[in-house]
Amino acid sequence: MKEVVLRSENVNKHFGITHAVKDVSLEFYRGEVHGLIGENGSGKSTYCSMLSGIHSISSGRFILEGKELHVKSLVEANMNGISIVVQEMGTLSGLTVAENIFLGREHKFMHGFIKDTAQMNRETQQLLDSYGLNRINASTVIDNYSFEDRKLIEIVKATYFEPLVVTIDETTTALSQKGREELFKIIEHLKETNKTVIFISHDLSEVLAHTDRISVLRDGALVKTVNSNEVDADELKRLMVGRELDNRYYRTDYDGTVSDEVVLSVSNLSVPGEFEDISFDLHQGEILGIGGLSECGMHELGKAIFGGSYDRTGSVLLPRKGLEITSIPEAIKHGIAYTSKDRDNESIVLAINIADNITLPSLDILAKKRVLKKKELHAFAQSHADRMSVRMTGIKQYVFDLSGGNKQKVVLARWLGRDSDIFVLDSPTRGIDVKVKADIYALMSELKERGKSIIMISEEILELIGMSDRILIMKNGKFNGTFTRSVALTEEDLIAKMV
Amino acid sequence: MNETISRFKRSKYFGYALLFGLALFFWAFFKILSPHNFGTSKLMANYLQTSIQYAVGGCGFYFIVVMGLFDMSIGANIVLSSLVGVLLSRQFGYYGLIFGCLLCGTLIGSFNGFLYTRLRIPSMIVTVGLMLVLESVAAYVVKLDPAGFPGKLTDPNILAFNHAPWNYIVAVSAFLLMAFILRFTKLGTYFNAIGSNEFVAKAMGINVEKYKFIGFVLLHFFVGIMALLTVSYGKGMLAVTGMESMGRNFKPLMGTFFGVAFKKYGMPVSAIVIGEFIITLIFNGLVALNVPTTINDFVTGAVLLIIVTLTNRGARGSVVK
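Keep in mind the model is a prediction, meaning the values are calculated, not measured. Think of each chain on its own: its residues are numbered from 1, step by step along the sequence as written. By the order in which they are written, chains take letters starting at A while ligands take numbers starting at 1. Local features in this predicted model are restricted to residues whose pLDDT is 70 or higher, and side-chain atom pairs enter the listing and the counts only when it is 80 or higher, whereas totals over whole chains, interfaces and linings include all residues. By convention in this description, side-chain values take in all heavy atoms of the structure and omit both hydrogens and water.

Visitor: I'd like a description of a nonpolar patch on the surface, backed by residues and values.
Guide: All names here are of chain B. Side chains of L88, F92, Y95, F99 and L103 sit close together on the surface and give an oily, nonpolar patch of about 560 Å² of accessible area. Each helix corresponds to a stretch of at least 4 residues labelled H or I by DSSP, and each strand to a stretch of at least 2 residues labelled E; elements are numbered beginning at the N terminus. Along the chain, the position of F99 falls in helix 4 (residues 74–119). Under the relative-accessibility criterion, F99 is labelled partly exposed at 47%. Note on patches: the residues involved have over 30% relative accessible area and no salt bridge, like charges join within 9 Å, and the nonpolar side chains Val, Leu, Ile, Met, Phe, Trp and Tyr join within 5 Å. In these tables, accessible area is a Shrake-Rupley quantity obtained with a 1.4 Å probe, and a residue counts as shielded only by the protein chains included in the view. We define a salt bridge as a side-chain nitrogen of Lys or Arg found within 4 Å of a carboxyl oxygen belonging to Asp or Glu. Here the term buried applies to any residue with accessible area under 20% of the maximum for its type, exposed to any over 50%, and partly exposed to those in between, with areas from a 1.4 Å probe on protein chains only.

Have a look at this one:
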């Protein structure tokens, strides 16, 4: 009988209207490596963030060694025996390697208010050496090391104090083969010393090879927990997807034919470290879906098409106009619209009102003889806000008060106002409720009918299948599969090319 | 071989080599152009004495600048703390001068920090308001001088800090104190952590508001020390109004820029001190060449920008605030 070290009971997490984690009850055994898998947005990272004190729990509880956990920060979680290596950069610039590793736990080296820095550096160096990372100097400022080295330092930070449970959240994608081998050695060592590892990864072969059991989450809920040696990758994919295509909101036509006229031509586009040698054509009236895992490079591709990426090589051409797009102002001037996945930081200005957000890219058109007339600006904003049915108290309402869906409507209203011809929509329905989703899909269909062209970048497979005329799947910065619109197209087909 | 070079390039020795190289370059440049009016050993000692007072203020500034904060009231604090020091020196001699400057400076810092953390208004706005308040208070304080010499250090027996060795002793003590705080207390780590990513710093259990408050207190404690040197060098202080005190903010801030730019080499204190010396060298070199003040300011500012840009250039597309 295996001993349960950690269990969750009916854990829930709400972000506004989004129910990110739904009643998840799970058990983790002492000394096991437990895989946690699911599609993007299935709630894996949120579940582990609650366990680690990064996010608060909406309801439910975690019980560690029989005691309920009440942690409000990573340090508190560490003190209770829980640690996490996060998906993004988890180390802090400006601090030395040693300071990063012991951040929040300096008390060990404090004599009164004096910190024994030399001892901290010595101990950190010994730690790094014991992990085989003797090329890293404990007293050097961490900015001097590569992303991979910083990730390895983070792993040392998360494991050196021998926590009971270590979560490794989608870390392998940041590591080279050598780095991965170092990570798996650490995981093996943790297991041998009777620690529990929660391993999150999209690489199913990796999950199958290095875990004892696997739990599958879908839409925030637990689907099933299986023994790793009793399943294969296909079975895991089926569990991850496990539902019929829900087509209530999507296009019902399956013709998929589009005009021959190319409105945008992307040739040999590359951004170092993100994607390489991407070429494709976008036709008039086409909805082109681009899908893949979060880190496959598709989000950066959207930015690059819009002229928003630095170090870009290759070309983005508008064949009709015989123009090349090299910057954002040029893209906007020539009818390209873009909505970012990171809506609050890259798409919308939270600290100004709806009217100003909508008129922002159109001021050059609205300014007659360089003079802006408030009345005209407001009329313009009002008409486009009404067209998108933005739920608001008025166009002077500040955007930060709006829900995610209404913020997205404001973003789209802005580009409709500009009368753009090509829409690059990155994750257009991310974190949006069903009603607004339906509105956005209806708008996309309407734009298509009017001859506008859309590149829809999405992590939602159903959305890609339901809305696209053609789907390009990216994996590790390259195209890995092309699908044309068809009733027969399944989620499994797309997943097979993603993972 | 490549690994050794790359290790050297990220070590503090590389940082020192860069800074001393720059100092040597500017010294040689102006020495060639103005061999008699610039760079003699006596003049170099003068430049050093001038630069250390700014470097003390620059050290204080560093505590909040690394957290992404700013303080416009430094100059007003220098004026007010100096005047309070002078006033108290009438009765208590050195004790009055020293504690007047340091205590007044620190109290103002506590007040700034308190207002910033409580009001939750950007530091730039809070401290502009405070600058105006402090200038007005300083104008009032000069009227309190019983000796009838507003702001003047009249007693020749309390001028030890306007020359060696005491000015050096005070300044070096301040530099050592800053180095100690950064290296041997949690404060340095936490200030950097907050500046790097406030959200992560909070998640690591750091009380961000508390450490921002402490940052302001430390800044103004160092400003108090700078006030002690400034009032001693000038043998007094004039009260100014109408934001005129703001001009005193920028020389210490230039040193801070060097500190931030060379932070990655793990030697911010040395970078502030040597950086201020380089700025003073350039300034005096241009004076030796009879360059008008406006052009002098232009060249000094441009050189500062070039040095900081070259040593601390962000990645293309990175957000720089």
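Visitor: Which residues make up helix 1 (residues 44–51) of chain A, and what values do they have?
Guide: Residue and element names in this part refer to chain A. With 7 of its 8 residues buried, helix 1 lies for the most part within the structure. Within helix 1, burial applies to K44, T46, Y47, C48, S49, M50 and L51. With its phi angle positive at about 85 degrees, G53 sits one or two positions after the end of helix 1.

Visitor: I'd love a proper account of the sheet that holds strand 22 (residues 478–484) of chain A, names of residues and values included.
Guide: Residues and elements named next belong to chain A. Any two strands are treated as partners once DSSP identifies two or more bridges connecting them. Across the sheet, 6 strands lie side by side as 18-19-20-15-21-22; this open sheet has mixed pairing. With one partner strand each, in any of the chains shown, strand 18 (336–339) and strand 22 form the two edges of the open sheet. Neighbouring strand axes in the sheet, compared pairwise and without regard to direction, differ in orientation by 15 degrees on average. Bridging between strand 21 (residues 470–475) and strand 22 involves 6 bridges; their strand directions are antiparallel. Residue L472 lies in a different strand from strand 22, and its bridge partner there is T482. Fitted lines through C-alpha atoms serve as axes, helices being fitted only where they are in contact, and the angles separating the N-to-C directions of these axes extend from 0 to 180 degrees.

Visitor: Explain the side chain of B:H220 to me, and be specific about the residues and the numbers.
Guide: Residue and element names in this part refer to chain B. Counting through the fold element by element, H220 comes out in helix 9 (residues 208–234). A distance of 2.7 Å separates a polar atom in the side chain of H220 from a polar atom in the side chain of D71. Contacts between residues were defined by any pair of non-hydrogen atoms, one from each residue, lying within 4.5 Å. Apart from residues no more than four positions distant in its own chain, H220 is found in contact with D71, S73, I74, N77, G105, T106, I108, G109 and N112. Think of a polar contact as two N or O atoms within 3.5 Å of one another; within protein, one of them needs to be a possible hydrogen donor and the other a possible acceptor, and neighboring residues in sequence only count if both atoms come from side chains.

Visitor: Could you give an account of the interface of chain A and chain B, with specific residues and numbers?
Guide: Each partner contributes to the interface: chain A provides 27 residues, whereas chain B provides 26 residues. Buried area: the sum, over both parts, of the accessible surface (1.4 Å probe) that disappears when the two are put together. Both sides of the chain A and chain B interface together cover about 2,300 Å² of buried area, and 62% of this is carbon and sulfur. Run the count over chain A and chain B and you get 0 salt bridges. At the junction of chain A with chain B, the criterion picks out 9 residue pairs in polar contact (both at pLDDT 80 or more).

Visitor: If you had to explain the layout of surface pockets to someone new, which residues and values would you point to?
Guide: Taken as a whole, the second largest pocket holds about 930 Å³ of empty space. Contributions of two or more residues to the lining of the second largest pocket are made by helix 4 (117–130) of chain A together with helix 2 (12–33), helix 6 (166–184), helix 7 (186–196) and helix 11 (268–288) of chain B. Sorting elements by how many residues they give to the lining of the second largest pocket places helix 6 of chain B first, with 6 residues. By residue class, the composition of the lining of the second largest pocket is 17 nonpolar, 14 polar and 9 charged. For each structure, a 1 Å grid was placed over the protein atoms alone; sets of points admitting a 1.4 Å probe that cannot get out are labelled cavities, open sets with protein on both sides within 12 Å along at least five of seven lines are labelled pockets, and lining residues have an atom within 4 Å of a point. Grid points are joined across faces, edges and corners, and a volume is the space filled by probe spheres set on the points. Residue classes follow a fixed rule: Ala, Val, Leu, Ile, Met, Phe, Trp, Tyr, Cys and Pro count as nonpolar, while Asp, Glu, Lys and Arg count as charged, and any other residue, Gly among them, counts as polar.

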